Amino acid sequence: VHGALDIFDERVATQPDPFLGLLYPSVDHRVFGYMTSSRLKLVAVTADDEVRDAEVRQVLFQLHRHVVDAISNPFHTPGQP
């Protein structure tokens, strides 16, 4: 997973889409990436070889929405659920 973080900067320079796709395939796992406009890196690691890019894209997009909702909430106290 650590090696996939280096690929973020390479992909962001050439790809305008926040979903960066498959970053690092290994024998046991597949690592996908998503970078927000504020440079927040979201990483999804799957053990399933048959997971589709569209499914991972949707999961990371939903995660990004939840992060934005939490950060945008003026009544949220960090560390509280």
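Here goes a summary of the coordinates provided. (Residues numbered from 1 in each chain as written. Predicted model: local features only at pLDDT ≥ 70, side-chain atom pairs only at ≥ 80, totals over all residues. Heavy atoms only, no water.)

**Comments concerning the packing of aromatic side chains**
What counts here: Two rings belonging to Phe, Tyr or Trp (six-membered ring only in the last case) form a pair when the distance between their centres is within 6.5 Å. Interplanar angles under 30 degrees mark stacking, angles over 60 mark edge-to-face geometry, and anything in between is tilted. The helix and strand labels rest on DSSP assignments: H or I over at least four residues marks a helix, E over at least two residues marks a strand, and numbering proceeds from the N terminus. Burial status follows relative accessibility: with a 1.4 Å probe on protein chains alone, a residue under 20% of its type maximum counts as buried, one over 50% as exposed, and anything between as partly exposed.
This model, assessed by the stated rule, comprises one aromatic pair. Between the aromatic rings of F19 and F32, the centroid separation amounts to 6.5 Å while the plane-to-plane angle is 15°, which identifies the pairing as stacked. Here the residue F19 occupies a position in strand 1 (residues 19-25), and F32 occupies one in strand 2 (residues 30-35), the gap between them amounting to 13 residues. For the residue pair F19 and F32, the accessibility class agrees, reading buried in each case.

**With respect to helix 1 (residues 2-14)**
Residues lying three or four places apart along an α-helix face the same way, a consequence of the helix completing one turn every 3.6 residues. Rules: Bend angle per residue: angle between axes fitted to the 7 residues ending at that residue and the 7 residues starting there. By definition in these notes, contact holds between two residues if any of their heavy atoms fall within 4.5 Å.
At F8, helix 1 shows its maximal bend, which comes to roughly 25°. Residues A4, I7 and F8 constitute the buried set of helix 1. Tucked into the core, helix 1 has its buried residues touching strand 1, strand 2 and strand 3 (41-46).

**Brief notes about unusual backbone geometry**
Not every positive phi belongs to a glycine, and R39 is a case in point at roughly 70°. Turning to its location among the elements, R39 is positioned in the loop between strand 2 and strand 3. For R39, a relative accessible area of 49% corresponds to the partly exposed category.

**Side note on the side chain of T36**
The criterion, for reference: Each polar contact in these results corresponds to two N or O atoms within 3.5 Å; when the atoms are within protein, one needs to be able to donate a hydrogen and the other to accept it, and residues that are neighboring in sequence are counted only if both atoms are side-chain atoms.
Counting through the fold element by element, T36 comes out in the loop between strand 2 and strand 3. Judged by its relative accessible area of 7%, T36 falls in the buried class. Polar side-chain contacts of T36 include one of 3.1 Å to the side chain of S38.

**Brief notes about the pairing of strand 2**
Looking down a regular strand, the side chains alternate between one sheet face and the other. Inclusion rule: In this scheme, strands are said to pair when DSSP sees at least two bridges between them.
Summarising burial for strand 2: six of the six residues are buried, a large majority. Of the two faces of strand 2, both are covered, the one formed by R30, F32 and Y34 as well as the one formed by V31, G33 and M35. Pairing geometry for strand 1 and strand 2, over five bridges, is antiparallel. For L22, the partnering residue across the bridge sits in strand 2 and is F32. Between the end of strand 1 and the start of strand 2, which pair antiparallel, lie four residues. Of the pairings in the sheet, the one linking strand 2 to strand 3 comprises six bridges and is antiparallel in character. Among the inter-strand pairings, Y34 is bridged to a residue of strand 3, identified as L42. Remark: five residues form the turn of the hairpin made by strand 2 and strand 3, two consecutive strands paired antiparallel; R39 in that turn has positive phi of roughly 70°.

From the geometry alone we can't say anything about function, so treat these as descriptive.
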